[in-house]
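# Structural features, examined
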Amino acid sequence: MAARRTTASVPELVERARSGDARAVARLISLVEDASPLLREVMAGLAPHTGHAQIVGITGSPGVGKSTSTSALVTALRKAGKRVGVLAVDPSSPFSGGALLGDRVRMQDHALDKDVYIRSMASRGHLGGLSWTTPQALRVLDAAGCDVVLVETVGVGQSEVEIAGLADTTLVLLAPGMGDGIQAAKAGILEIGDVYVVNKADRDGADQVRRDLRNMLALAERTEADWKPPIVQTVAQTGQGVEDVVEAIEQHRTWMDGSGELERRRVRRARDEIEAIAVTALRARWGDVHARTELDELAEKVAAGKTDPYAAADDLLASYTED
């Protein structure tokens, strides 16, 4: 996709974003999403100003109330004097490739608050519930002075574990009446939570979901020094229990600071980001492998039993080295 035009230089955009200019923040995130040729300059300009924000991931199956919970968390965090960013990763439209923007609709209560920045990002077919540009967009919001950045994922159930590698603190939402008792017996998202939230706690079955969670978490092997994920019950639509979630997030941050886990998570996150950028660059250099005549020739040899696929792969790699 072609980069969107910008009349301001990257250093100017970075300075304006740091001062809280929402238009500059939006422009920088657009450069990220468009994979602009200016992206390297943007990341270099942001780097000295990052590392302050706490990244909180919000995940769970569709229908558990992620968007409503995110909006309620924004209200509670603003009450505590925090500047908040929200990246709401929406499913992509199969027609335009853009986000469906459902999350933005649900968070209109915060639209006029200059200390809240909400951005919907399209997943664009990326698996794991996130957009591939999410890490860079997080850097923009971090450098722009957000104290907390909430990342709400698409919501694709058991496979949605990628957020754990991106967030400092991961909230896993469940709700009664949605088969979550069965989910509690499975691996997947039930293994990644730092805080578990049973939303819609005013409905029948909420206490059972909490009991199922407690029983499953009790089976995990943890030492005395390990973090023990709390289970918080909420009714996000009314705000009930949301301040308890904020308190649990703060307690987790305190534990991470004291144990060194925050530094470990952030180094791991940076490592994964570097790896992803490097692999993308290698793929770009690799080009369209299917257009290579060598691949067809090697495939015919493998199919005829004249060579094996590993030897053929070595030959293909060697042909690229020779190029």
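For the structure itself, look to the data block above.
Here is a short report on the structure shown in this document. Please read these numbers as outputs of a predicted model, since none were measured by experiment. (Residues numbered from 1 in each chain as written. Predicted model: local features only at pLDDT ≥ 70, side-chain atom pairs only at ≥ 80, totals over all residues. Heavy atoms only, no water.)

### Quick notes on the overall build of the chain
A tally of regular secondary structure across the chain gives 12 helices and 7 strands. Pairs at least 24 apart in sequence give 72% of the contacts found in the chain among residues at least 6 apart. Accessible surface computed for the chain: about 16,800 Å², of which carbon and sulfur atoms make up 53%. (Helix = DSSP H or I, 4+ residues; strand = E, 2+ residues; numbered from the N terminus. Contact = heavy atoms within 4.5 Å. Areas by Shrake-Rupley, 256 points an atom, 1.4 Å probe, with all protein chains shown as cover.)

### Quick word on the pairing of strand β6 (residues 195-198)
On β6, burial covers both faces: V195 and V197 on one face and Y196 and V198 on the other are all buried. Here strand β5 (residues 169-174) runs beside β6; their pairing, made up of 4 bridges, is parallel. Within the sheet, the bridge partner assigned to L173 lies in β6 and is V197. Strand direction decides the pairing type here: β6 and strand β7 (residues 231-233), joined by 3 bridges, are parallel. Pairing of V197 across the sheet is with V232, part of β7. (Buried < 20%, exposed > 50% of the residue type's maximum accessible area, 1.4 Å probe, protein only. Pairing = 2+ DSSP bridges.)

### Thoughts on helix α10 (residues 261-286)
In this model, α10 (26 residues) spans 37 Å end to end at C-alpha, consistent with the 38 Å of a helix rising 1.5 Å per residue. Among all positions of α10, only E261, L262, R265, R266, R269 and E273 are buried. Considering only its buried residues, α10 is in contact with β1 (54-60), α6 (134-143), β5 and α9 (242-259). Within two residues after α10, G287 carries a phi angle of roughly 75 degrees, on the positive side. (Expected span 1.5 Å × (residues − 1).)

### Concerning the environment of L317
Relative to the helices and strands, L317 resides in helix α12 (residues 309-322). Judged by its relative accessible area of 44%, L317 is partly exposed. Placed 31 residues apart in sequence, L317 and W286 show a C-alpha to C-alpha distance of 9.6 Å.

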